[in-house]
Amino acid sequence: MKVIFRGNHTVDVSAIQSVSVSKTAGRIKVCVEHNKEKTGKQKISYLAYPSSKYSRRHLPESAETIAKELESLSKASNIPIEQVVELTAWRNGHLQVRMDADSCISARGLALLCWDWPLNQNPPTKELEFRTGLKAADIKTVTSTDTYKQSIEDLMLETYNTADKFKWWIRDYGRNMPLRFGNRMRLRKDAAAELINSIAEQYGIDLGNLTGSWSLSKSERSIGSGRNSVYLYYYQWDRDSAKFKRQNVWECKIGLAERSLQERLREQVTDPENFKLGLHIQTDDNPVKIERAIHNELKERGQHIKRSLRTEWFLTSPSEVEEIYEFIGESSRESASSTLR
């Protein structure tokens, strides 16, 4: 396996001698040792920068993580391509993998790359070329192999390992799933449909009953307008339990989304069958400030659920949160009005 850094430096993984980090600049200095024909060894030092416009935002505090990963690469041998693709160094554009179009490893790596691409986006050909070292024609060759299709099927079964999870995935994609999924995974529509049907058959699912689109973002109560969202959701069993105990508050999650709400909820919801979006606040204002104000008010009331895995959960209800939001809005307008007087 080879690694490539910006500046067209191509080295064996074992040639990496040391890695140092400049936190203030968010830079990574890599010392590489090359064999200089038969005359001895030559050491080359250079700075590695993110090389791709599709790289994730590079934060200075992640530089040490990347440096540790590169150090680990220099000491390891035969690292599975799946592990390399998961590295922060690779995701941030500091590291590339030189893939071989005729290799089964490349088929698995390319499948994982497309599978892990940001939701509701399709990986561009130029970016795939950059990350893998493959040319467009090579990518087309790899994605047409049985190994590539088998890799995708393995990922589907691993990710959606129950019939319910698979149903949710199908419903969320909607009627055009074979086309949309095919575009994402670089498959023809018929090849994508074949994979979907294969998984459905293994789970005993009738796809004819799942052709409708299932939207998690359909709310019981929606107020305001705008491209940003502050939302409250809960699970039906918590509400049922509160009703049985004659209580008017139950465990609710309050969060925000500065992008597709559907996409955000897909990342969080663990039980779509019992999921309820109780309140959806749409706004063009800063959703962070709105969310923080609601959180702080509920904390003042002693309704914050203090669990390590539920930092944004509160004992409340959609109606209470709506009242808090309306009060925040009134206070803001009164403040602005007094400033003008």
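Residues numbered from 1 in each chain as written. Predicted model: local features only at pLDDT ≥ 70, side-chain atom pairs only at ≥ 80, totals over all residues. Heavy atoms only, no water.

### Focus on the overall build of the chain
Here comes step 1: For the chain, the count of helices and strands is 14 helices and 11 strands.
Here comes step 2: Across the 341 residues in the chain, those meeting the buried criterion constitute 42%.
Here comes step 3: Counted over contacts in the chain with a minimum sequence separation of 6, partners at least 24 positions apart contribute 67%.
Here comes step 4: Working note: accessible area of the chain is about 19100 Å², and carbon and sulfur atoms make up 45% of it. (Helix = DSSP H or I, 4+ residues; strand = E, 2+ residues; numbered from the N terminus. Buried < 20%, exposed > 50% of the residue type's maximum accessible area, 1.4 Å probe, protein only. Contact = heavy atoms within 4.5 Å. Areas by Shrake-Rupley, 256 points an atom, 1.4 Å probe, with all protein chains shown as cover.)

### Quick notes on the sheet that holds strand β7 (residues 222-224)
Here comes step 1: Read across the open sheet, the 5 strands follow the order β7-β10-β8-β9-β11; overall the sheet is mixed. Among the strands making up the open sheet, the edge pair consists of β7 and β11 (313-316). Neighbour-to-neighbour, the strand axes of this sheet turn through a mean angle of 25°, independent of strand direction.
Here comes step 2: Lying over the sheet, helix α12 (residues 261-268) contacts β8 (228-235), β9 (250-257) and β10 (275-283), oriented at roughly 35° with respect to β8. (Pairing = 2+ DSSP bridges. Axes fitted to C-alpha atoms, helices over the stretch in contact; angles between N-to-C directions.)

### A look at the nonpolar core
Here comes step 1: Counting 47 residues, the largest nonpolar core has Y148, I152, M156, F166, W169 and F181 as the members making the most contacts within it.
Here comes step 2: The biggest single contributor to this core is helix α4 (residues 104-115), with 7 residues.
Here comes step 3: Those residues in contact with F166, other than ones at most four positions away along the chain, are M156, Y160, I196, I199, A200, Y203 and I205.
Here comes step 4: Within the second largest apolar cluster, 18 residues are counted, among which are I254, L256, I281 and I294. (Core = buried A, V, L, I, M, F, W, Y, C linked by side-chain atoms within 4.5 Å.)

### Some words on the pairing of β9
Here comes step 1: Counted residue by residue, β9 has 8 buried out of 8 residues, so it is predominantly covered.
Here comes step 2: The pairing of β8 with β9 spans 5 bridges and is antiparallel. Bridge pairing links S229 to A257 in β9.
Here comes step 3: As defined by bridge partners, β9 adjoins β11 across 4 bridges and the pair is classed as antiparallel. Residue C252 lies in a different strand from β11, and its bridge partner there is F314.

### Quick word on the environment of V97
Here comes step 1: By the secondary structure assignment, V97 is in strand β6 (residues 96-97).
Here comes step 2: The class for V97 is buried, based on a relative accessible area of 3%.
Here comes step 3: Separated by 16 residues in the primary sequence, V97 and I81 place their C-alpha atoms 8.6 Å from one another.

### Side note on unusual backbone geometry
Here comes step 1: Residue R186 is not a glycine yet carries a positive backbone phi of 65°.
Here comes step 2: Of note, R186 is situated in the loop between α9 (177-185) and α10 (189-203).
Here comes step 3: Take R186: its relative accessible area is 27%, and that puts it in the partly exposed class.
Here comes step 4: At R246, a residue that is not glycine, the phi angle is positive and equals roughly 60°.
Here comes step 5: Tracing the backbone through its elements, the reader meets R246 in the loop between α11 (236-244) and β9.

### So, the packing of α9 against α10
Here comes step 1: Running from amino to carboxyl end, α9 crosses α10 at an angle of 105°, the nearest separation of the two axes being 8 Å. Here α10 runs roughly perpendicular to α9, going by the angle between their axes. Contacts between α9 and α10 involve M177, P178, L179, F181 and G182 from the first element and K189, A192, A193 and I196 from the second.
Here comes step 2: Of the residues assigned to the contact of α9 with α10, the class counts are 7 nonpolar, 1 polar and 1 charged. (Parallel < 35°, antiparallel > 145°, perpendicular 65-115°, else oblique. Nonpolar A, V, L, I, M, F, W, Y, C, P; charged D, E, K, R; others polar.)

### Comments concerning α4
Here comes step 1: Helix length check: α4, at 12 residues, gives a terminal C-alpha distance of 17 Å against a target of 16 Å (1.5 Å per residue), a fit within 8%.
Here comes step 2: Among the 12 residues of α4, 9 are classified as buried, and the element is accordingly described as predominantly covered.
Here comes step 3: Taken as a whole, α4 has its buried residues at S106, A107, G109, L110, A111, L112, L113, C114 and W115.
Here comes step 4: The N-cap of α4, judged by a side-chain oxygen 3.0 Å from the amide nitrogen of I105 a few residues on, is S103. (Expected span 1.5 Å × (residues − 1). Polar contact = N/O pair within 3.5 Å; in protein donor to acceptor, adjacent residues only side chain to side chain.)

### Digging into the pattern of salt bridges
Here comes step 1: Scanning the model with the defined rule gives 6 salt bridges in all.
Here comes step 2: In this structure, E297 and R301 form a salt bridge, with 2.8 Å as the shortest nitrogen-oxygen distance.
Here comes step 3: The class of E297 is partly exposed, set by a relative accessible area of 30%.
Here comes step 4: By relative accessible area, which is 41% here, R301 ends up partly exposed.
Here comes step 5: Among the ionic pairs, E320 bridges to R301, the shortest N-O distance being 2.8 Å. Of this pair, E320 sits in helix α14 (residues 318-340) while R301 sits in the loop between α13 (287-300) and β11, and the two are 19 residues apart along the sequence.
Here comes step 6: Overall, E320 belongs to the buried group, its relative accessible area being 13%. (Salt bridge = Lys/Arg side-chain N within 4 Å of Asp/Glu carboxyl O.)

### Remarks on the packing of aromatic side chains
Here comes step 1: Enumeration according to the criterion identifies 14 aromatic pairs in this entry.
Here comes step 2: Between the aromatic rings of Y233 and Y235, the centroid separation amounts to 6.0 Å while the plane-to-plane angle is 75°, which identifies the pairing as edge-to-face.
Here comes step 3: For Y233, a relative accessible area of 3% gives the class buried.
Here comes step 4: Take Y235: its relative accessible area is 2%, and that puts it in the buried class.
Here comes step 5: The interplanar angle of 10° and the centroid separation of 4.9 Å between the aromatic rings of Y235 and W237 together place this pair among those described as stacked. (Phe/Tyr/Trp six-rings, centres within 6.5 Å; stacked < 30°, edge-to-face > 60°.)

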